[in-house]
Amino acid sequence: MSSPQVLARLGMISLQILVLIALSVRSVSAYLKESLTHAGVRSVFPGDTNYTSASKAFNLRFTFSPAAVTFPTTPDQVALVVKAAHDNNYIVVPRGGGHSYVANGLGGKNGSVVVDMSSMKAINFLATTNTAVIETGNRLGDIALALNAVGRALPHGSCAEVGIGGHTAFGGYGFSSRQWGLALDPIFAINAVLADGTIVRATKDSHPDLFWSLKGAAPSFAITTSIEVNTFAAPSYATGIKFSWKDMDYETAGKSMFSFQNFSLSGPPASFAGELAFTRGSQSGLVTLGFTGAWYGANGSAIPTMQPWLDVMPPPSTSSLLGNGSYIDAVAHLSPTPLNTSSAPLTTDTFYAKSLMTPEKDPMTLEAFTSFMEYLSTEGFSSETLWFAQMELYGGPNSKIREIANDATAFSRRDTLFTFQFYASSSTRQPPYPIDGLSFLDGMADSVTSKMHSGWSYGAYANYIDNRLQNWQSLYFDANYRRLQSIKDQLDPHNVFMFPTSIETTKKQFD
Ligand SMILES: Cc1cc2nc3c(=O)[nH]c(=O)nc-3n(C[C@H](O)[C@H](O)[C@H](O)COP(=O)(O)OP(=O)(O)OC[C@H]3O[C@@H](n4cnc5c(N)ncnc54)[C@H](O)[C@@H]3O)c2cc1C
Ligand SMILES: *[C@@H]1O[C@H](CO)[C@@H](O)[C@H](O)[C@H]1NC(C)=O
Ligand SMILES: *[C@@H]1O[C@H](CO)[C@@H](O)[C@H](O)[C@H]1NC(C)=O
Ligand SMILES: *[C@@H]1O[C@H](CO)[C@@H](O)[C@H](O)[C@H]1NC(C)=O
Ligand SMILES: *[C@@H]1O[C@H](CO)[C@@H](O)[C@H](O)[C@H]1NC(C)=O
Ligand SMILES: *[C@@H]1O[C@H](CO)[C@@H](O)[C@H](O)[C@H]1NC(C)=O
Ligand SMILES: *[C@@H]1O[C@H](CO)[C@@H](O)[C@H](O)[C@H]1NC(C)=O
């Protein structure tokens, strides 16, 4: 049936459709602007003076142009934004602290409506129950300071600038996680706005499917406006711990990792926390090894607790305890930036990162550790990037993280022993990003997985989000992915909350 005339006619029809689409997009964006203005929500649009700064990513490898960046001040305003965007067929995305590695807080692509939570920063502590209601525009450092002022604390990551919205959306690991769990674990209720603009309070009894999904995959299901949490008594003694071993040969470094794994599996107390970090050595074949940790037990017991590992290690180049013994001083020393985030400008970087979570029941071999260290000491030595690799201790027999079942919340990888983070910035921390930075990190992860047996059931950490990851559905969510999809079908059938690596509906998409 195909003839030049038919093709020409089809061409004209599709041109007309294109023109129609272009016209409707224009009027739709005018409608969006009108409804947001009418709703009284402070919003910034392309062309406005504040647009460039409002749409700037933490990771400067990404520049996206959202359709609007909105700054609601109440849950009602969040709902108005979602409705306005939904009615005009826009994709909506919440932004907390903006620290997504792939700028998913800006939508991870052009044209989304961003719901920036930074005007919602209330923290209300209730002394009778030791619970707190925390709005999701807060950052970790400010929450730590506010709770410490009443002698309380929560488990969370060490970097003060990270937003609680994104952090609790996908897990949230920090030095107190072995004793208190992930940042999302103390949450007993979540106030959220659904894709159709309804406001709900989800608990294990009310909207249980939503509550389950929000604990590990939040932005695919709702915009959380506040979390209600059980707090912990701030430990009466706390200290940071730092050791370094400069310029280790890669074989010794591999053995050091192996013995740290051995020590970790022997079950250090939950009040012990630590991670190994690797950076470039001064010549090929060498790496620098660092240990950063924390101790929340008795004064004087930090080093004795890790002595079984130190006994099999070479003498360190440096070692120190950090802080004056108070909980908040340890938190401050372990954060790269000040805890009070309004007292210093926020940082940016230009980088790529990947992750790998190792199953506790199938530990790594000495060969795999050595292969990893050989890669860092050679490819890492010659890379033009500024890189580090980290191995965070999640597990061990006493860890609180693993006391919750893998299917009890959307966060599935609870039986993890270590979470690796592989991270490489451009040499100036500014764009452009060197293209071989991507393959350098792919190779870093491969240097580990290629030496493990083929059925090794490792995972990846969705807070170290990687939009180039193959098979991310199972690496991030494992067996929980199917349930997440069926809840997505029910709660967001039109995929209003869509971004790179968002939970896919099982329904066919026609856009
Ligand atoms: C310097 C630095 C240090 C870090 N340290 C740690 C660490 O120690 N431990 C750790 O576990 N992780 C750490 N991370 C990773 C961090 O937890 C994630 O990047 C986290 O998702 C950032 O949250 P955000 O709110 O700052 O980011 P955003 O970019 O605002 O959000 C990240 C994702 O969460 C979604 N989101 C944000 N707010 C909401 C909300 N209210 N409701 C629903 N979804 C929401 C966004 O849509 C986006 O998909 C670190 C990251 C950086 C950049
Ligand atoms: C633009 O930025 C200025 C200065 O920071 C601020 O006072 C103003 O409220 C912003 N306008 C909007 C619409 O966000
Ligand atoms: C997204 O917008 C930016 C800035 O306007 C532009 O440079 C880029 O090409 C756009 N990306 C896509 C995929 O359209
Ligand atoms: C492994 O740990 C045991 C104690 O749990 C210790 O005796 C042994 O030396 C360790 N081996 C290595 C290689 O670290
Ligand atoms: C911890 O113990 C050391 C050594 O005994 C002592 O100097 C220090 O004051 C103690 N710190 C706290 C916070 O109790
Ligand atoms: C320890 O340091 C913190 C600040 O990080 C300070 O508030 C506290 O008063 C200090 N405590 C002592 C005993 O010096
Ligand atoms: C943080 O710093 C700001 C500005 O310097 C100040 O107003 C605020 O009180 C500080 N917050 C805390 C918790 O210390």
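Residues numbered from 1 in each chain as written. Chains lettered and ligands numbered in written order. Predicted model: local features only at pLDDT ≥ 70, side-chain atom pairs only at ≥ 80, totals over all residues. Heavy atoms only, no water.

As named in an unreviewed UniProt entry, the protein is FAD-binding PCMH-type domain-containing protein, taken from Collybiopsis confluens. UniProt, in its Sequence similarities (unreviewed entry) section for the protein, records the words "Belongs to the oxygen-dependent FAD-linked oxidoreductase family." The UniProt entry for the protein carries the following text under Cofactor (unreviewed entry): "FAD". (UniProt positions renumbered as here; feature names shortened; annotations may be inferred.)

Participant: Looking at this structure, how should I read the site of ligand 4?
Facilitator: Around ligand 4 sit Ser 259, Asn 262, Ser 266 and Val 312, and those are all the residues in its vicinity. Asn 262 places a polar side-chain atom, nitrogen or oxygen, 2.4 Å from an oxygen atom of ligand 4. The protein chains hide 39% of the 360 Å² of surface that ligand 4 would expose on its own. Class assignment for the residues of the shell around ligand 4 results in 1 nonpolar, 3 polar and no charged. (Near = heavy atom within 4 Å. Polar contact = N/O pair within 3.5 Å; in protein donor to acceptor, adjacent residues only side chain to side chain. Areas by Shrake-Rupley, 256 points an atom, 1.4 Å probe, with all protein chains shown as cover. Nonpolar A, V, L, I, M, F, W, Y, C, P; charged D, E, K, R; others polar.)

Participant: For this particular structure, what's the right way to read the site of ligand 2?
Facilitator: In the vicinity of ligand 2, the contacting residues are Arg 42, Ser 43, Val 44 and Asn 50. The separation between an oxygen atom of ligand 2 and a polar side-chain atom of Asn 50 is 2.3 Å. Expressed as a share of its isolated accessible area of 360 Å², the protein-covered part of ligand 2 is 36%. Of the residues in the shell around ligand 2, the class split is 1 nonpolar, 2 polar and 1 charged.

Participant: Any chance you could explain the pattern of salt bridges here in plain terms?
Facilitator: A side chain of one charge can pair with a side chain of the opposite charge when the charged atoms of the two come close. One pass over the structure, following the stated rule, counts 13 salt bridges. Note that Lys 354 is salt-bridged to Asp 466, the shortest N-O span being 3.2 Å. Taken together, the residues Lys 354 in strand E16 (residues 351–359) and Asp 466 in the loop between helix H12 (436–449) and helix H13 (472–477) connect sequence positions 112 residues apart. With relative accessibility at 2%, the residue Asp 466 sits in the buried group. As a salt-bridge pair, Arg 402 and Glu 360 come within 3.2 Å of each other at their nearest N and O atoms. In this pair, Arg 402 sits in the loop between strand E17 (386–393) and strand E18 (416–425) while Glu 360 sits in the loop between E16 and helix H11 (366–382), placing the two residues 42 residues apart along the sequence. The class of Arg 402 is partly exposed, set by a relative accessible area of 34%. Among the ionic contacts, a cluster of salt bridges with common partners joins Lys 354, Asp 442, Asp 466 and Arg 468. (Salt bridge = Lys/Arg side-chain N within 4 Å of Asp/Glu carboxyl O. Helix = DSSP H or I, 4+ residues; strand = E, 2+ residues; numbered from the N terminus. Buried < 20%, exposed > 50% of the residue type's maximum accessible area, 1.4 Å probe, protein only.)

Participant: Quick question: what am I supposed to make of the environment of Val 229 here?
Facilitator: For Val 229, the position within the fold is in strand E10 (residues 223–230). In sequence terms Val 229 and Ser 355 are 126 residues apart; their C-alpha atoms lie 28 Å from each other. Not counting the four nearest positions on each side in its chain, Val 229 is found in contact with Asn 130, Thr 131, Ala 132, Ile 134, Leu 154, Pro 186, Ile 187 and Phe 188. (Contact = heavy atoms within 4.5 Å.)

Participant: Please explain the pairing of strand E14 (residues 286–295) as it appears in this structure.
Facilitator: Strand residues, when the strand is regular, have side chains that alternate between the two faces of the sheet. The element E14 is extensively covered by neighbouring structure, given that 10 of its 10 residues are classed as buried. Burial along E14 is two-sided: Leu 286, Thr 288, Gly 290, Thr 292 and Ala 294 facing one way and Val 287, Leu 289, Phe 291, Gly 293 and Trp 295 facing the other are all buried. Of the pairings in the sheet, the one linking strand E13 (residues 272–280) to E14 comprises 9 bridges and is antiparallel in character. Note that in E14 the partner of Glu 275 across the bridge is Thr 292. (Pairing = 2+ DSSP bridges.)

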